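# Coordinates in review
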Amino acid sequence: MPSRAADAATDKPARRDGPRAQASRPAPSGPARVMQKLGLRRDIDLALHLPLRYEDETRVLAIAALREGEPAQVEAEVRSARVEPRPRRQLVVRLADASGELVLRFLHFHPALERQLAAGVRIRARGEARTGFFGREMVHPAVRVVVPGTPLPQVLTPVYPTAAGLPQAYLRKAVASALERAPLGELLPPGSVPAGLPAFADALELLHRPPAAAAPAALEDRRHPAWQRLKFDELLAQQLTQLAVRRAHARRAAPRLRASADPGSLRTRLVAALPFTLTAAQCRVVAEIEADLARAQPMHRLLQGDVGAGKTVVAALAAATAIDAGWQCALMAPTEILAEQHFRKLVDWLEPLGAGVAWLTGSRKGRARREQLARIADGTAALVVGTHAVIQEDVGLPRLGLAIVDEQHRFGVAQRLALRRKSAAGDAGTFEPHLLTMSATPIPRTLAMTYYADLDVSTIDELPPGRTPVLTKLVAQARRDEVVARIAGEIALGRQVYWVCPLIDAADDDSEAPPPGGAGVDDGGRAGAARRALAELRNATETQAMLAAALPGREVGLLHGRLPAAGKAAVMSRFVSGAMPVLVATTVIEVGVDVPNASLMVVEHAERFGLAQLHQLRGRVGRGAAASVCVLLYGTPLSDTGKARLKAMAETNDGFEIARRDLAIRGPGELLGARQSGEALLRFADLDADEALLRQARALAPRLLDHHPEAAAAHVERWLGSRAEYLQA
Ligand code: ADP
Ligand code: MG
């Protein structure tokens, strides 16, 4: 145990009744409440709250033995403590031990500190000695008042990750007492933990209370065996949960939808009627999906493919198979623009073949909606396309056999579950629909293994022929005028241009773009500062006026999320038809919009967008035969992450590479979206560095679940407790 003396410089002593007494009260306050918020609720949660680093308070040096610039601790008596006005206001404390004198300087200090460090008091001070204005000194050392004869701690002092309102000393005591109570026995059967890793309790003991002889650097390195053991356990808990979910899914029943090769089937006629031949990659994923659909368990498959890879036609073929088998199909897209575009394409493809397509969106109300509902009810339309309006209560899809969700990461977990549950209430009774999700944001393999154990993945790794890669140029915002000049040239060639802005208008502080820094990882970016910065950004409304003035006689459209649905549709259809050469838009055009004649995209303040988002935006061009350019305008100065993102965009067009870099820049939590991943994120394991452990955990999970189900349950409870349900969605 570290010394019980109060840490005078930084922290208040913990209250006598301690965290245990507080936790049992109905509404904890102060530090106990912060602990709750951090998820440190049970003793075991505290035991699994591991130090970031350590401080060595186990030794003291004589003042005379201090070496310049090396961290060390001394124990000495205070001779005087005075606030000196010069060279600037500061608290100057003079100390002495038998060997010499030392000055401590505090530029920022609490008045209480001056009182505590009265002459004659004995203290321990830790810091780096150097020679300064007052001679041999330490600036802002950690100090602690000690009773003479207080023994030195036997272990290194852990420094835990904490938050505002939860002092380190309080947390340290809470963890130490939780460690006494928490059940830390081995839960896993002998032989199941990878060789060479310590027992669970030993790993925790070592990391929380390393012996004085341990080298802090070795313990801070997360490759240490004790760390490996905890990471393994963490990964195992997650794999067990995922496996349990997967097995539960496999017990559910879905209708068998067999793809028909009959020349009269919708599927066969659709393939024949397409204006292009499918790529080899498309054929492969269609076969994978059809194999799933033919099974009596619900498919849960993610179709991933870079922007423009041709996922929609794959979805259409899956829908045709469902319809051929006598079932209904629903396709859900995250925005009205995208839903409408899918609707048009599917109508073009399917209605000439006699298959009706209905469409439902939030803005389609009254008679129009009733008409669509009637077409669904009487079977005229076996395919329904729309936004989340498709999953509303009054939409009866009694024979829903296949649900397709485009850009699945845009939907919340709740919406996806609602869609999956949709048919359970219908006359299909116990059947659940097959689920196909689509995304252009590929999930890295290790992430898929970790978080989506119940998900199968199909990948379209080839673009349709005849595409020319998009050339990406990084241009400083100051050179915006040159870019405007370039637009005129592009239009003269009969091509079309997107201009994307982060804001709608000057009054818009609720931007459609992410906060600066993509997800706010790299900046201390609090909302106020972010808003001020955003207020300076170019906005779509002004830009539209500017471009309209610069391009007389040309139609410059404006599209953003606040336009009514009919207005959006009108603008979009003018752009799609080619009548409107330039479209200024917010990120509403981010996903799915497909106008092959558009060959130039300009993104303003590109540094404000996330990497996945930029890649999506860029995917709006390069869809036709013309060579396309994406100009990323950036404001200065650039943050490090901003720089890394723009560099990635300039260097590669490959969505998988982009996703890999995004993961490297942001970490997995951000990639999943904070809300979805919730607290389920890995705290210790790192998907890249710990792939070997992940594989071992993945191999152990089924054996444990089959042969030691109680151990598996206890292990999951230890690691996830009440958070286990997060992993099930
Ligand atoms: P995404 O995968 O981004 O959703 P889309 O499905 O919108 O891509 O397809 C992009 C464009 O490519 C569409 O115009 C689509 O009709 C066309 N397309 C799809 N597959 C092929 C193919 N095999 N050959 C030629 N064009 C194709
Ligand atoms: Mg698409």
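Residues numbered from 1 in each chain as written. Chains lettered and ligands numbered in written order. Predicted model: local features only at pLDDT ≥ 70, side-chain atom pairs only at ≥ 80, totals over all residues. Heavy atoms only, no water.

For the chain, the count of helices and strands is 26 helices and 21 strands. Counting only residues that meet the buried cut, the chain has 53% of its 729 residues in that class. Taking contacts inside the chain between residues at least 6 apart in sequence as the whole, the part at least 24 apart equals 77%. (Helix = DSSP H or I, 4+ residues; strand = E, 2+ residues; numbered from the N terminus. Buried < 20%, exposed > 50% of the residue type's maximum accessible area, 1.4 Å probe, protein only. Contact = heavy atoms within 4.5 Å.)

Our focus in this paragraph is the packing of helix H8 (residues 225-250) against helix H25 (residues 691-707). Interhelical geometry of H8 versus H25 gives an angle of 50 degrees and a closest axis separation of 8 Å. Between H8 and H25, the angle falls in the class oblique. As for how H8 packs across H25, the hand of that crossing is right-handed. Of H25, the residues touching H8 (which contributes Gln228, Lys231, Phe232, Leu235, Leu236, Gln239, Leu240, Leu243, Ala244 and Arg247) are Leu693, Leu694, Gln696, Ala697, Arg698, Leu700, Ala701, Pro702, Leu704, Leu705 and Asp706. Class assignment of the residues belonging to the contact of H8 with H25 gives a composition of 14 nonpolar, 3 polar and 4 charged. (Axes fitted to C-alpha atoms, helices over the stretch in contact; angles between N-to-C directions. Parallel < 35°, antiparallel > 145°, perpendicular 65-115°, else oblique. Left-handed = near helix turned anticlockwise from the far one by under 90°. Nonpolar A, V, L, I, M, F, W, Y, C, P; charged D, E, K, R; others polar.)

Contacts to ligand 1 come from 17 residues, most closely from Gly308, Lys311, Thr312, Arg467 and Asp594. The separation between an oxygen atom of ligand 1 and a polar main-chain atom of Gly308 is 2.6 Å. The contact in question runs from an oxygen atom of ligand 1 to an N or O atom on the backbone of Gly310, over 3.0 Å. Burial of ligand 1 by the surrounding chains reaches 86%, relative to a free accessible area of 570 Å². (Near = heavy atom within 4 Å. Polar contact = N/O pair within 3.5 Å; in protein donor to acceptor, adjacent residues only side chain to side chain. Areas by Shrake-Rupley, 256 points an atom, 1.4 Å probe, with all protein chains shown as cover.)

Let's shift gears to the pattern of salt bridges. On inspection of all chains with the given rule, the structure shows 41 salt bridges. A salt bridge links Arg229 to Asp233; its shortest N-O distance comes to 2.9 Å. Within this pair, Arg229 and its partner Asp233 are both found in helix H8, separated by 4 residues, close to a single helical turn. Each member of the pair, Arg229 together with Asp233, is buried. Residue Asp461 is joined to Arg284 by a salt bridge in which the shortest nitrogen-to-oxygen separation is 3.2 Å. Taken as a pair, Asp461 in the loop between strand E15 (456-460) and strand E16 (471-476) and Arg284 in helix H10 (residues 280-293) lie far apart in primary sequence, 177 residues in all. A single network of salt bridges, built from pairs that share partners, joins Arg284, Glu288, Asp292, Arg295, Arg301 and Asp461. (Salt bridge = Lys/Arg side-chain N within 4 Å of Asp/Glu carboxyl O.)

On to unusual backbone geometry, then. For the peptide bond that leads from Thr636 to Pro637, omega is -5 degrees, which places it in the cis range. Note that Pro637 resides in the loop between strand E21 (629-634) and helix H21 (640-651). Even without being a glycine, His140 presents a positive backbone phi close to 50 degrees. Mapped onto the fold, His140 is located in the loop between strand E6 (135-139) and strand E7 (142-145). For His140, a relative accessible area of 39% gives the class partly exposed. For His605, which is not a glycine, the phi torsion comes out positive at approximately 50 degrees. Here His605 shows up in the loop between strand E20 (598-603) and helix H20 (611-618). Judged by relative accessible area, which is 9%, His605 ranks as buried.

The sheet built from 6 strands is open, its strands ordered E16-E21-E20-E17-E19-E18 with parallel pairing. Taken across any chain shown, the strands that pair with only one partner, and hence form the sheet edges, are E16 and strand E18 (556-559). Each strand axis lies, on average, 20 degrees off the axis of its neighbour in the sheet, ignoring direction. The pairing of strand E17 (residues 496-500) with strand E19 (residues 582-585) spans 4 bridges and is classified as parallel. By the bridge assignment for E19, Tyr498 is matched with Leu583. This element, H20, spans E16, E17, E20 and E21 of the sheet and lies at about 150 degrees to E20. (Pairing = 2+ DSSP bridges.)

Secondary-structure assignment places Glu128 in strand E5 (residues 122-132). Separated by 61 residues in sequence, Glu128 and Arg67 have C-alpha atoms that sit 8.3 Å apart. Beyond its immediate sequence surroundings of up to four residues, Glu128 is in contact with Gly69, Glu70, Pro71, Glu137 and Met138.

Here we come to the side chain of Arg480. Relative to the elements of secondary structure, Arg480 occurs in helix H16 (residues 480-492). Relative accessible area serves as the criterion here: at 10%, Arg480 is assigned to the buried category. Only 3.2 Å separates the side chain of Arg480 from the side chain of Thr543, close enough to count as a polar contact.

Let us now look at the nonpolar core. Core analysis: the biggest nonpolar cluster contains 52 residues, and Leu230 and Leu236 have the highest contact counts within it. Elements represented by at least two residues in this core include exactly helix H2 (30-37), helix H3 (43-47), helix H5 (168-181), helix H6 (200-208), H8, H25 and helix H26 (709-720). Take this core: its biggest share by element is 9 residues, from H8. Residues in contact with Leu236, not counting those within four places in the same chain, are Leu188, Ala697, Leu700, Ala701, Leu704 and His715. With 45 residues, the next largest nonpolar core counts Leu257, Leu274, Val314 and Cys329 among its residues. (Core = buried A, V, L, I, M, F, W, Y, C linked by side-chain atoms within 4.5 Å.)

Glancing now at the confidence of the model for the chain. Mean pLDDT for the chain: 82, with 83% of residues reaching 70 or above. Segment residues 424-428 is flagged for pLDDT under 50; beyond a separation of four residues in sequence, or across chains, it makes 8 contacts in the model. (pLDDT = per-residue confidence, 0-100.)

Here we take up H2. Think of an α-helix as 3.6 residues a turn; residues three or four steps apart then line up on the same face. Pro31, Ala32, Val34 and Met35 are the residues of H2 that are buried. Viewed along the axis of H2, the buried residues span an arc of 160 degrees, placing them on a single side of the element. Gly39 occupies a position one or two residues after H2 and carries a positive phi of about 85 degrees. (Arc of directions from axis to C-beta.)

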